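An overview of the molecular structure
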Amino acid sequence: MIPEQVIEEIKSRSELVAVVEQYVRLDKRSGSNFFGLCPFHSEDTPSFSVSPSKQIYYCFGCHKGGNVIHFIMDIEKCSYVQAIQLLADRAGVAIPEPDDEAYRKRSELNRSLQTICLEAARYYFHCLTGANGAPGREYLTKRGVTSQTARKFGLGYALEEWDGLYRHLLTLNYQDDLLMKSGLFKRGKTGGLYDLFRHRLIFPILDAMGRVVAFGGRVLDDSVPKYINSPENPIYTKGRHLYGLNLAKSSRKNCLVMVEGYMDAIAMHQAGVDNTVASLGTALTEQQAQLIRKYTETVIIAYDADAAGQPAAMRGLDILGRRGIKVTVLQVPEGKDPDEYIRRNGPERFHALLEKALPLLDFKLLAARRSKTSGDELDIMAYQDVACQILAQEENAIVRELYANRLAEELNATADTVLREIERRHEDPDAKHAPRVAAPHLVQPASRPASETGQLDSQVTREEIYLLCLLAVNPDLWDQIDSKPATGDFSPGPMQEVAASALALASRRQLDPASLIELGSGFQVRGRPVYELLARASMKLEETFGNQEMAAAVNEQLRRQRLNRLRQEQVRLNQELSATDDTNRRQVIRQALREVTEQLIRLKQN
Ligand SMILES: [Zn+2]
């Protein structure tokens, strides 16, 4: 929405060292870089570096990095646009109001939807506390929710009628079309609207800023579906919110407790655990992890025992881990959910459980052990295999060794053998594929497919990013490369978009780390923003290689990428060949195959 040249102007007027120094004391110099104590993690020796020449920052401790806009996003915990606005204010640059008609309409719609949601929340609340609200109040009493707690969460009640909310909003002169967009209504056969929620307890879903964006509704008896949620609308996207975060963010405790559902979160807050949020589903999303990271580095998972061990829940925990969030897992005894446990045993016993939450690794090993136990019998072969695999994924070598000792005792093996097995698996996935010249751990190996969230992740992608980094760190390299890279040398999809812009700049010798980082904004590899990886690589490469070596590295990397592309093409053509009976088509494919094979041979001879 903000014009490109305005962003450029803001960046050029926001000198990174000056901006950073408003937050961090940079008093140590090493080479051309400044160092200071990192504002994003706690440390005693400075590992936060700023390069005045590259206009990028990178922390060697917590791996945060980026350009001046990312720094403001990280430190002010704000969005990209907010960061630009903040920098513009400080630098005295005026951002033109978008005179774009579509933009104006969209923000008007969003404002209207916000008012409708707020008005609906008020209506449901009045229904709950009013003359006809007895069914809702009785249900809350049965579940032990006080009226004070109900008010804190803005709980409401949808009356047992077809159009209570609809008639209420009509009195405020809202049009049907707009009301439909809120997701709170359905259209009947005759074209009239009726309420989505009827005879249900209502949970307003608020965003972190405390604005009502959606609703959940629970039946008051045993009928199904137990819960319904209002659908996505222009102001509400599923998996982007955490229920209760608007309250939990002002808790004094420096961690968040994560539960599954509305009632769990409410019970926890009432029991004094005021830092609780609900994920509304066991599978945490990348967006939720990102949101959490804004507020804390520590999360205690308090799902019920069955749910926590499920693969979807486990993946969610790994998403948190990859964002550098320390995860511990609470074990609620006898498979109960937290709400039930608190009601039976009281808040004190629950607080004691919180203290005993298991570190994520312990929990994973425990879950593995359980899954490989049938009856009383532990399948030790299967268990040792899974356990070694779990520990091999741990990045910290000391932690691996500590757990290896414990696992050895469990398995009656020597610590040495167990550790060797873990280390072998830890090193292997990387050693087989990584480029010979790669900076260690530039990106963690990935196996999940690309998704629409801007997730770039394959082994190939990490190497491709690395290639772009090399070109950005040293613009003169372009002249030293035997055959210039092209967009087609990169993986199709978002990676090619990044590459196209980067290569255009590189061919004009204008690619530098800060602009490459900018191009990578919005993309992720294994849950980390691409700009962090780029920042890290840019900071490290120069120390790792001389000029000659860099040119060799680029040539080698390009060759590997082309080999890969050609091999993929070969496979694809062969598949097509075996799938078609059309003689002409077969001839065309054969010709294409011959060309690909020739190119492969030529490349291999180089
Ligand atoms: Zn740091």
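Because the structure is a prediction, the values reported are computed rather than measured. Every chain begins its residue count from 1, and numbering advances along the sequence as written. Confidence filtering applies because this is a predicted model: local features only for residues at pLDDT of at least 70, side-chain atom pairs given and counted only at 80 or more, and all residues used for totals across whole chains, interfaces and linings.

Another point: the environment of glycine 191. Considering the arrangement of structural elements, one finds glycine 191 in the loop between strand 7 (185-187) and strand 8 (193-195). Sequence separation of glycine 191 and glutamine 287 is 96 residues, and the distance between their C-alpha atoms is 37 Å. In this description a helix means any DSSP run of H or I spanning at least four residues, a strand means any run of E spanning at least two, and both kinds are numbered starting from the N terminus.

These domain boundaries are the output of an automatic or database domain assignment. Looking at the protein chain, the domain boundaries give domain 1 (4-91), domain 2 (101-229), domain 3 (245-369), domain 4 (379-433) and domain 5 (459-605). A separation of 52 Å is found between the C-alpha centroids of domain 2 and domain 4.

What follows concerns the packing of helix 3 (residues 68-76) against helix 4 (residues 80-91). Note on method: axes are straight lines fitted to C-alpha atoms, helices fitted across the in-contact stretch only, with angles between N-to-C directions ranging 0 to 180 degrees. In contact at an axis separation of 9 Å, helix 3 and helix 4 are set at 105 degrees when each is read in the N-to-C sense. On the basis of the axis angle, helix 3 is roughly perpendicular to helix 4. Within the contact between the two elements, helix 3 uses Val68, Ile69, Ile72, Met73 and Glu76 and helix 4 uses Tyr80, Ala83, Ile84, Leu86 and Leu87. Angle categories are assigned with fixed cut-offs, so that under 35 degrees is roughly parallel, over 145 is roughly antiparallel, 65 to 115 is roughly perpendicular, and the rest are oblique. Here contacts are defined at the residue level, using C-beta atoms placed from the backbone and a cut-off of 7 Å between them.

Here we take up the pairing of strand 4 (residues 56-59). Residue burial is a threshold on neighbouring C-beta atoms within 10 Å of the residue's own C-beta, all placed from the backbone, with 20 or more meaning buried, 12 or fewer meaning exposed, and counts in between meaning partly exposed. The two faces of strand 4 match: Ile56 and Tyr58 on one face and Tyr57 and Cys59 on the other face are all buried. Examined bridge by bridge, strand 3 (residues 48-51) and strand 4 share four bridges and lie antiparallel to one another. If you follow phenylalanine 48 over to strand 4, its bridge partner there is cysteine 59. At least two bridges found by DSSP between two strands is the condition for calling them paired. Joining the antiparallel neighbours strand 3 and strand 4 is a turn of four residues, in which glutamine 55 adopts a positive phi near 60 degrees. For strand 4 and strand 5 (residues 65-66), the ladder comprises two bridges, and the chain directions are antiparallel. By the bridge assignment, tyrosine 58 is partnered in strand 5 with glycine 65.

The subject of this paragraph is helix 14 (residues 311-322). The end-to-end C-alpha separation of helix 14 is 16 Å, in line with the 16 Å expected for twelve residues at 1.5 Å each. Inspection of helix 14 places Ala313, Gly316, Leu317, Ile319 and Leu320 among the buried residues, and these make up the whole buried set. For helix 14, the buried positions fall inside an angular range of 150 degrees around the axis, keeping them on one side. Glycine 324 occupies a position one or two residues after helix 14 and carries a positive phi of about 80 degrees. The span expected for a helix works out to 1.5 Å for each residue beyond the first. An arc is given here, and it is the one of the directions from the helix axis to the C-beta atoms.

Spatial ordering of the open sheet is given by 6-9-10-11, a layout of four strands whose pairing is antiparallel. Every other strand in the sheet has two partners, leaving strand 6 (156-158) and strand 11 (227-229) as the edge strands with one partner each. On average, adjacent strands in this sheet sit at an angle of 30 degrees to one another, irrespective of strand direction. By the bridge criterion, three bridges tie strand 6 to strand 9 (residues 200-206) in an arrangement that is antiparallel. Within the sheet, the bridge partner assigned to tyrosine 157 lies in strand 9 and is leucine 201.

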